[in-house]
Amino acid sequence: MEFLHNGNSLVLREATIDDVPAMTDLELRVNPQGWSHVDFTSSIASVHVCRVLMFKHCLVAYVITSTAADEAELLNIVVAPEYHRQGLASRLLEIVYNSFNATIHSLFLEVRASNKAALCLYDNLGFNEVGVRSNYYPALLSPQKLTADFSHKKNGSKNLREDAIIMAKSL
């Protein structure tokens, strides 16, 4: 699928195994504790829907979803930092909604409690918080930068964790 965005011609297509190195590189640029080469390879080989967004043969974003029964889950979405705040994530998610078959009624996702930009994006797109997974993610911040979003494990160790906010949108 080709579309214009800010005067640029972008191509959204299904990801292939050949895209995994670029997807892994982009993931590590945006989230050093994120998905690995193996995670992307497994996702592409599975029933997940993996799409990459290309500009002049360069990967600028990707989105990965899964469906089961009447629900879908946004597993991962990443936009290259140089393309942030240009509406690409919103556009990608809109394309994703429209690609689901008519039996899909809800889209779920998990997001780090500290990821304020993503929380704002999802809120603006009509997602609602439906739950919290306490201590779900490894902490990204150093102990000196703790916020209310982080907590110590109950055993008192210094292994810090971060909550995941579960969000949902009716389609």
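The structure this text deals with has already been given above.
These figures come from a predicted structure and were not determined experimentally. Every chain begins its residue count from 1, and numbering advances along the sequence as written. Only residues with pLDDT of at least 70 are given local features in this predicted model, and only at 80 or more are side-chain atom pairs given and counted; all residues enter the totals for whole chains, interfaces and linings. As a rule here, side-chain values come from all non-hydrogen atoms in the structure, and water together with hydrogens is ignored.

Quick word on the overall build of the chain
- Under the scheme used here, helices are H or I runs from DSSP no shorter than 4 residues and strands are E runs no shorter than 2 residues, and both carry numbers assigned from the N terminus. Within the chain, the regular secondary structure consists of 4 helices and 9 strands.
- Taken from the N to the C terminus, the helices and strands of the chain come in the order β-β-α-α-β-β-β-α-β-α-β-β-β.
- Contact definition: two residues touch when any of their heavy atoms are within 4.5 Å. Within the chain, residue pairs in contact and separated by at least 24 positions form 64% of the contacts whose partners lie at least 6 positions apart.
- When the accessible surface of the chain is split by element, carbon and sulfur atoms take 53% of a total near 9600 Å². Here the Shrake-Rupley method, with its probe set to 1.4 Å, supplies the accessible areas, and only the displayed protein chains count as covering residues.

Focus: the pattern of salt bridges
- One speaks of a salt bridge when a side-chain nitrogen belonging to Lys or Arg is within 4 Å of a carboxyl oxygen belonging to Asp or Glu. Within this structure, the stated rule accounts for 5 salt bridges.
- With a closest N to O distance of 3.8 Å, glutamate 14 and arginine 51 form a salt bridge. Of this pair, glutamate 14 sits in strand S2 (residues 8-14) while arginine 51 sits in strand S3 (residues 49-55); the two residues are 37 residues apart in sequence, bridging distant segments of the chain.
- The partner of arginine 112 in a salt bridge is glutamate 162, and the shortest N-O contact between them spans 2.6 Å. Of the two residues, arginine 112 is situated in strand S6 (residues 106-112) and glutamate 162 in strand S9 (residues 161-170); the sequence distance between them amounts to 50 residues.

Some details on the layout of surface pockets
- Cavities and pockets are defined on a 1 Å grid built over the protein atoms alone: a cavity is a set of grid points where a 1.4 Å probe fits but cannot escape, while a pocket is an open set with protein on both sides within 12 Å along at least five of seven lines, and lining residues are those with an atom within 4 Å of any such point. Grid points are joined across faces, edges and corners, and a volume is the space filled by probe spheres set on the points. Of the volumes computed, that of the largest pocket is approximately 1300 Å³.
- Along its surface, the largest pocket is lined by 39 residues, and Ile77, Val111, Asn115, Ala118 and Tyr122 are the ones closest to its centre.
- Contributions of two or more residues to the lining of the largest pocket are made by helix H1 (20-30), strand S5 (71-79), helix H3 (88-99), S6, helix H4 (116-124) and strand S7 (128-138).
- Element by element, the count of residues in the lining of the largest pocket is highest for S5, at 7 residues.
- Only Asp, Glu, Lys and Arg are considered charged, only Ala, Val, Leu, Ile, Met, Phe, Trp, Tyr, Cys and Pro nonpolar, and every remaining residue, Gly among them, polar. Looking at the lining of the largest pocket, its residues break down into 22 nonpolar, 11 polar and 6 charged.

Describing the packing of aromatic side chains
- Stacked, tilted and edge-to-face pairs are distinguished by plane angle, under 30 degrees for stacked and over 60 for edge-to-face with tilted covering the rest, among Phe, Tyr and Trp rings (Trp via its six-membered ring) whose centres lie within 6.5 Å. A full pass over the atoms with the stated rule returns 4 aromatic pairs.
- Where phenylalanine 40 meets tyrosine 62, the ring centres are 5.2 Å apart and the plane angle is 85°; that geometry is what we call edge-to-face. Of the two residues, phenylalanine 40 is situated in helix H2 (residues 37-45) and tyrosine 62 in strand S4 (residues 58-68); the sequence distance between them amounts to 22 residues.
- Where tyrosine 122 meets phenylalanine 127, the ring centres are 5.5 Å apart and the plane angle is 65°; that geometry is what we call edge-to-face.
- In this structure phenylalanine 127 comes out as buried when scored by relative accessible area, which is 1%.
- Charge over a ring is defined by NZ of Lys or CZ of Arg lying within 6 Å of the ring centre and within 35 degrees of the ring normal. Sitting over the face of the ring of tyrosine 136, arginine 133 holds its NZ or CZ atom 5.7 Å from the ring centroid. When accessible area is computed with a 1.4 Å probe and restricted to protein chains, residues below 20% of their type maximum are described as buried, those above 50% as exposed, and intermediate ones as partly exposed.

Concerning the nonpolar core
- Definition used in this section: a nonpolar core is a set of buried Ala, Val, Leu, Ile, Met, Phe, Trp, Tyr and Cys residues joined via side-chain atoms within 4.5 Å. The biggest cluster of nonpolar side chains holds 49 residues, and the ones touching the most others in it are Met23, Leu53, Tyr62 and Tyr122.
- When residues in this core are grouped by element, the largest group, 7 residues, is from H3.
- Leave out the neighbours within four places in its chain, and leucine 53 touches Phe3, Leu10, Val11, Leu12, Cys58, Leu59, Val60, Ala61, Leu88 and Leu92.

Observations regarding unusual backbone geometry
- Phi is positive for lysine 56, which is not a glycine, with a value near 50°.
- Among the structural elements, lysine 56 can be located in the loop between S3 and S4.

What to know about the environment of arginine 85
- Positionally, arginine 85 belongs in the loop between S5 and H3.
- Arginine 85 gets classed as exposed once you look at its relative accessible area, which sits at 84%.

Thoughts on the side chain of threonine 24
- With respect to the helices, strands and loops of the structure, threonine 24 is situated in helix H1.
- If sequence neighbours within four positions are ignored, threonine 24 has contacts with Ser36, His37 and Phe40.

Keep in mind these values describe shape, not function.
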